[in-house]
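# Secondary and tertiary structure notes
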Amino acid sequence: MAKPSTPPSGRPAQGAGRNIPIEDTRGAAGDSQPSASQADAGTGSAAPSPEPGATAASSDPKGSAAGSDADRIVAEAEAALEGEPAGSAPTDSEQVAAAKAEAQEWQDKFLRLHAEWDTYRRRTTEQREVEKARATEKLVSSLLPVLDDFERTIDYATKNGEQGLLDGVSAVHTKMVDVLKKDGVEVIDPQGEAFDALEAQAVATVDDANVPDETVAEVYQKGYKMGSKVLRPAMVTVTSGGPKREKAPDEGTKDKK
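Reading guide: rules and limits
Residues numbered from 1 in each chain as written. Predicted model: local features only at pLDDT ≥ 70, side-chain atom pairs only at ≥ 80, totals over all residues. Heavy atoms only, no water. Helix = DSSP H or I, 4+ residues; strand = E, 2+ residues; numbered from the N terminus. Buried < 20%, exposed > 50% of the residue type's maximum accessible area, 1.4 Å probe, protein only. Contact = heavy atoms within 4.5 Å. Areas by Shrake-Rupley, 256 points an atom, 1.4 Å probe, with all protein chains shown as cover. Core = buried A, V, L, I, M, F, W, Y, C linked by side-chain atoms within 4.5 Å. Salt bridge = Lys/Arg side-chain N within 4 Å of Asp/Glu carboxyl O. Patch = residues over 30% accessible without salt bridge, like charges linked within 9 Å, V, L, I, M, F, W, Y side chains within 5 Å. Pairing = 2+ DSSP bridges. Axes fitted to C-alpha atoms, helices over the stretch in contact; angles between N-to-C directions. Parallel < 35°, antiparallel > 145°, perpendicular 65-115°, else oblique. Nonpolar A, V, L, I, M, F, W, Y, C, P; charged D, E, K, R; others polar.

## Regarding the overall build of the protein chain
Along the backbone of the protein chain there are seven helices and six strands. Going through the 257 residues of the protein chain one by one, you find that 10% of them count as buried. Across the protein chain, every contact between residues at least 6 apart in sequence was considered, and the portion connecting residues at least 24 apart equals 64%. Split by element, the accessible area of the protein chain, about 21400 Å² in all, is 56% carbon and sulfur.

## Some thoughts on the nonpolar core
By size, the foremost hydrophobic cluster in this structure holds seven residues: I188, A200, V216, V219, A234, V236 and V238. Every element with two or more residues in this core is listed here: β3 (216–221) and β6 (234–240). Top contributing element to this core by residue count: β6, with three residues. Non-local contacts of I188, meaning those with residues more than four positions away in its chain, are made with E199, K222, G223, Y224, K225, V230, R232 and A234.

## Quick look at the pattern of salt bridges
Counting across every chain of the model gives eight salt bridges. Close ionic contact of D149 with K175 constitutes a salt bridge, the shortest N to O distance being 2.9 Å. Here D149 is found in helix α5 (residues 92–160), whereas its partner K175 is found in helix α6 (residues 165–182), with 26 residues between them in sequence. Overall, the relative accessible area of 33% leaves K175 in the partly exposed class. Sharing partners across several salt bridges, the network here consists of D149, R152 and K175.

## Some points on a nonpolar patch on the surface
On the surface, a nonpolar cluster with roughly 410 Å² of combined accessible area is contributed by V140, L144, L147, F150 and M176. A per-element tally of the nonpolar patch places α5 first, with four residues. With respect to the helices, strands and loops of the structure, L147 is situated in helix α5.

## Some details on the sheet that holds strand β5 (residues 229–232)
Strand order in the open sheet made by the three strands is β1-β4-β5, with antiparallel pairing throughout. At either end of the open sheet lies a strand with only one pairing partner, and these are β1 (185–188) and β5. The mean angle between the axes of side-by-side strands here comes to 35°, regardless of whether they run parallel or antiparallel. Across four bridges, β1 lies against strand β4 (residues 223–226) in antiparallel orientation. Counterpart to E186 in the pairing with β4 is K225.

## Side note on the packing of α5 against α6
Between α5 and α6, the shortest axis-to-axis distance is 9 Å and the interhelical angle comes to 180°. As the angle between them shows, α5 and α6 are arranged roughly antiparallel. Taking contact as the criterion, the partners of L139, S142, L143, P145, V146, D149, F150, T153 and A157 in α5 are, on α6, L165, G168, V169, V172, K175, M176, V179 and L180. Of the residues contributing to the contact of α5 with α6, the split by class is 12 nonpolar, three polar and two charged.

Keep in mind that these numbers describe shape and distance, not what the molecule does.
As structure tokens, then:
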């Protein structure tokens, strides 16, 4: 680069000794506060350039604050980790041991519960068997006198012939029926009544126009029941060809429902 020419020492420099007015377009604030460049020009020294870090910090105050918060949080976390006592967190072996202990506890509870259930079931079964045996003993004890009467009837018929045998057998039969009735057994003997398919079984039909239709004409074999349970239905013959049987009031009410 070419250096500017220096005027000769005998000739004053152009514009030397003359004041050239320069119009200042800045406001009063600019007049009252001289610029940094003017101050530097008066002192003859250049202003120091700001450091890169300081410039970034001054240009982005929010970023600097966030960075300081992050550093503070990291420092607190490191301090907490360093100050944590050793052995506070359970190790893998301790966790495995605790799990095994809990599993053993539940297994012991299951075994005890299973043993109690087996004991309860066995006791219930034994109790039922005892109750059944007692019921059977009661029935047998009630029938023993009937067997005695049969033996006495046979002995009488052997010694005295057949006279009086019918009366003795009838008496034994009556006594035995009474024993069964005491235990809740009812005899089903529907002769002359309307046929009931729930308690009787028709084995034949008989033509009879004098009685209503489906009337039990004869009972071949009596039936027995306990409460509402039919132990054995009666075997009967039923009439047919007679007038239609009128429904009982209770049956009509049931049909309407």
